[in-house]
Amino acid sequence: MRLARVIVVVVLAALASVYVVAGAPIALAVFGVQVLYLLKVRTWWLLAAQAVLVYSASVAGGVSTGILGFLAGSLLLTSAHRDTARVLAPLVVVSAALIDAARGGATADATITVVLVSLVVFGLTRLVERAGEMHAARLSLAAAAVAAERLRLAAELNDGLGRSLEVIVEGGRRALAEPHGAAEVLASVTATARAALTDARAASANYRATSLAPELVTARAMLDAAGIAVEVRGGHTEPLGPGGALLAGVLREAVTDVVRRGTARLCVIETGEQGDERGDRVRLRVVDDGHRTAEGADFDGLRLEEAGGTLATGLTPAGHFVVEATLPRGPSAETASGEAGTGAGAGESQAGGRRRWLLPEPAHDTSYAVSVTVSVTVLAAVLVGFSVKALLQLPGALVLPAAACLAVIVVMQLRSVDGRHMVALAVMAVLTYAPIPVFGPVWLGVAGFLAGPVLLAFPWRVAWPAAAAIVASVAGAGTLFGLPASVLANSTISALVTGLVVYALLRLAQIVKELQAARESLARSAIVEERLRAARDLHDLLGHSLAAILLTCELARRLRSPRERIEEIVAMAEGARADLRSVSGEQRELSLAAEVESARTVLSAAGIRVTVEPIEPDLPAEVETVLGTVLREAVTNVLRHSEARHCAITMRADESGLRLRVRNDGVRPGNTRRGSSGIGNLTTRLAALDGRLTSHVDGDRFTLDACVPHPAPAPARV
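Predicted, not measured: the structure shown is a model, and the values here were computed from it. (Residues numbered from 1 in each chain as written. Predicted model: local features only at pLDDT ≥ 70, side-chain atom pairs only at ≥ 80, totals over all residues. Heavy atoms only, no water.)

Student: Break down the overall build of the protein chain for me, citing the residues and quoting the values.
Tutor: When its secondary structure is counted, the protein chain shows 22 helices and 12 strands. Across the 718 residues that make up the protein chain, the buried fraction comes to 52%. Of all intrachain contacts in the protein chain linking residues separated by at least 6 positions in sequence, the fraction that spans at least 24 positions is 74%. Of the roughly 31,300 Å² of accessible surface on the protein chain, 59% is carried by carbon and sulfur atoms. (Helix = DSSP H or I, 4+ residues; strand = E, 2+ residues; numbered from the N terminus. Buried < 20%, exposed > 50% of the residue type's maximum accessible area, 1.4 Å probe, protein only. Contact = heavy atoms within 4.5 Å. Areas by Shrake-Rupley, 256 points an atom, 1.4 Å probe, with all protein chains shown as cover.)

Student: If you had to explain helix α9 (residues 213-225) to someone new, which residues and values would you point to?
Tutor: Count 3.6 residues to each turn of an α-helix, and residues three or four apart come out pointing the same way. Along its 13 residues, α9 runs 19 Å from first to last C-alpha, staying within 8% of the 18 Å computed at 1.5 Å per residue. Among all positions in α9, only P214, E215, L216, T218, A219, A221 and L223 are buried. Looking one or two residues past α9, G227 carries a phi angle of roughly 75°, positive in sign. (Expected span 1.5 Å × (residues − 1).)

Student: How would you summarise the packing of helix α20 (residues 592-605) against helix α21 (residues 621-641) if you had to cite specific residues and measurements?
Tutor: In the contact formed by α20 and α21, the axes pass within 9 Å of each other and the chain directions differ by 10°. Comparing the axis directions of α20 and α21 gives the class roughly parallel. Contacts from L592, A593, E595, V596, A599, V602 and L603 of α20 reach α21 at E624, L627, G628, L631, R632, V635, V638 and L639. In the contact of α20 with α21, the residues fall into 11 nonpolar, 1 polar and 3 charged. (Axes fitted to C-alpha atoms, helices over the stretch in contact; angles between N-to-C directions. Parallel < 35°, antiparallel > 145°, perpendicular 65-115°, else oblique. Nonpolar A, V, L, I, M, F, W, Y, C, P; charged D, E, K, R; others polar.)

Student: Got a sec to walk through the nonpolar core? Specific residues and values, please.
Tutor: I67, F70, L124, W443, L505 and L508 are the most contacted members of the largest nonpolar core, which totals 97 residues. Tallying contributions element by element places helix α18 (residues 485-557) first for this core, with 14 residues. Contacts of L124, omitting those with residues within four sequence positions, involve V8, V11, A504, L505 and L508. In this structure, L161, A534, I569 and A573 belong to the second largest nonpolar core, which totals 35 residues. (Core = buried A, V, L, I, M, F, W, Y, C linked by side-chain atoms within 4.5 Å.)

Student: Outline the packing of aromatic side chains, listing residues and values.
Tutor: By the definition in use, this model includes 4 aromatic pairs. Centre to centre, the rings of F386 and F449 are 6.3 Å apart; their planes meet at 65°, and the pair counts as edge-to-face. With a gap of 63 residues between them, F386 in helix α12 (residues 367-391) and F449 in helix α16 (residues 447-457) connect regions that are remote in the sequence. For F386, a relative accessible area of 23% puts it in the partly exposed group. Ring centres of F439 and W443 lie 4.7 Å apart, and the angle between their planes is 45°; this geometry places the pair in the tilted category. Across the pair, W443 and F439 agree in class, each one buried. Site record: aromatic cluster; members linked through ring pairs are W460, W464 and Y503. (Phe/Tyr/Trp six-rings, centres within 6.5 Å; stacked < 30°, edge-to-face > 60°.)

Student: Could you give an account of the side chain of T192, with specific residues and numbers?
Tutor: With respect to the helices and strands, the residue T192 is situated in helix α8 (residues 182-208). In this view, T192 contacts S164, V167 and I168; residues no more than four positions away in its chain are not counted.

Student: Talk me through the environment of D280; I want residue IDs and the actual numbers.
Tutor: When you line up the elements, D280 lands in strand β3 (residues 279-288). On the basis of relative accessible area, D280 is assigned to the exposed category, the value being 56%. With sequence-adjacent residues up to four places away left out, D280 is seen in contact with Q274, G275, L327, P328 and R329.

Student: Tell me what's going on with the environment of T492, and back it up with residues and numbers.
Tutor: Tracing the sequence through the fold places T492 in helix α18. Considered as a pair, T492 and G445 are 47 residues apart in the sequence and their alpha carbons are 7.9 Å apart. In contact with T492, not counting residues within four places along its chain, are V471, V474 and A475.

Student: Let's hear about unusual backbone geometry: which residues, and what values?
Tutor: The phi dihedral of D690 falls on the positive side, at around 65°, and the residue is not glycine. Along the chain, D690 falls in the loop between α22 (677-687) and β11 (692-698).

Student: Break down the packing of helix α2 (residues 26-38) against helix α3 (residues 44-60) for me, with residues and values.
Tutor: Viewed as axis vectors pointing N to C, α2 and α3 meet at an angle of 155°, and their least axial separation amounts to 10 Å. Comparing the axis directions of α2 and α3 gives the class roughly antiparallel. Judged by the sense of rotation from one axis to the other, the crossing of α2 with α3 is left-handed. Contact with α2, carried on its side by I26, A29, V30, V33, Q34, L36 and Y37, involves L46, L47, Q50, L53, V54 and A57 of α3 and no other residues of that element. Partitioned by chemical class, the residues of the contact of α2 with α3 number 11 nonpolar, 2 polar and no charged. (Left-handed = near helix turned anticlockwise from the far one by under 90°.)

Student: Summarise the side chain of Q50; cite the residues concerned and give the values.
Tutor: Inspection of the secondary structure assignment puts Q50 in helix α3. Judged by relative accessible area, which is 0%, Q50 ranks as buried.

Interpretation in functional terms is not warranted from these geometric data alone.
Structure (structure tokens):
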């Protein structure tokens, strides 16, 4: 935004300098008033002061009536009494024509000059305002996108998982009310709970599928825990589309292989984007120094080729092992069948027998379209106006060929709004200098049309010297034509001002375009973050609740008198409804004490002996929620990935902060978990509090440690 204002101030100063050089220092005061207008200091007395200044300069001081264009532009910008101001602006132009006619000057040329100055003042100021509005609204757009995504998530999850939880609650209550039919009802409830758990895990994987960020966090944590130095160089923008799940799978396998070998000292993970004849692609590259042969991880199950991707592995001449994968960007890539899951929802579409996730476009306003319209309209008007001024000075026989050349230049200039076209620049250069011997000194002003695009087409260290050379060429050619000093100075300054005006209009249009892209990128990133949050909550909160419900259902079916367990099922399903609301965006704080008691109940129900050594510190709500979530995930892992007979839950405070440790036996041989979404979720949650997560296996014992920096509290009595 500062750059946009600087550009406009420079152009306004250049316009005012034309009148200062002509002997009217009062133009400096007019310039000062116009800068205040740019800063939105717009009062009736400021407008009156500007009117006094410009009419005094024009009528009493004999200055060119073009200076009245500043007043006309200010009137067009006036929001108060808008209709009156817009009627007065044309009257200012008419008054300029009358003043010039009374002087016996070139009335048409003077009128065009007033119109051009007013359009430049109006157009540049309006573009800066639009850019400011878009910049200020970037956060509100992101917030609106997140709100819309939460509504979509809520509708989708309530339609699927919400209905399943309702069935579980109703089934549990019916089993309590009709004990004689409890066995049949429990069988149905168990099937519903199993399907709901599967759907929750699949939906969580689906939400994660558009982003590589969680897997990068998990990879860094795994390598750090293994004592391997890691560098992550992110060069991609998210969301990635469904291909993100495939790249996440490649990264997971590659990093797991590095950790398993245990010989690497450094691992570098790079992501980036590239384009080729196949379109835009996302690249993932993992390099480590721990391999001695070209043998690496097994990626056969990922099937990147089916998604239009490529995968290459091998040793570099320096002895580093490289894994490099590329995938098409966007929804063309299929979701990995094993990772993305098959969760139902309105956001999925069928493709090739599997489902893929489509990221919704964030809503946006019309500021960008309006800004581009203003830019193109004002630029076209300025170009045509300057062209008409030149044509009025040519003999009749040269008007048509000159008009044809100028028409080509105008078209090439308008193309520059959408990008930098070197061919168009070359054509403009030829049409700027080649016709000079034919059209004479009148054609020197066309050099300003060339200076503007040159300032955009090259880096500043090249662009400004090139633009200075173009302006100098006007002075040189004018000298060869033997122009008087005053005319020569006017032609040179006019070429400079024209170039700055063209540059400003083109550059401001690009700034607005960049702001629009940045706003949409921010909104899309916010949507991705919201989806990742939902994925974490689905996995960590609702997944735990559903797993506990399923376990209790299985246990209740084996009991002769399952009433107590059925009551637990109903209570847990009610709690799962609250978890579902949290997943949908309603923040829910967890109680660490309640989670400890829940863990004790669930593990005991599974026949696992539990010992708890708690403390009861006065913790912030966010710390309790994160540690409660860690405990939920740890308990779920004990149930799913071990044959535990004993589980110890301890919470200790030391100099590094508050530490939660969950340790269990019964780890199954060969069942070491690879970088899972659960570990990745917890790593991300703890990282937000500057905490860390570590885990290790010692024989048949698995230990999960979570540490959060926090002042050491006094231990409670056990």
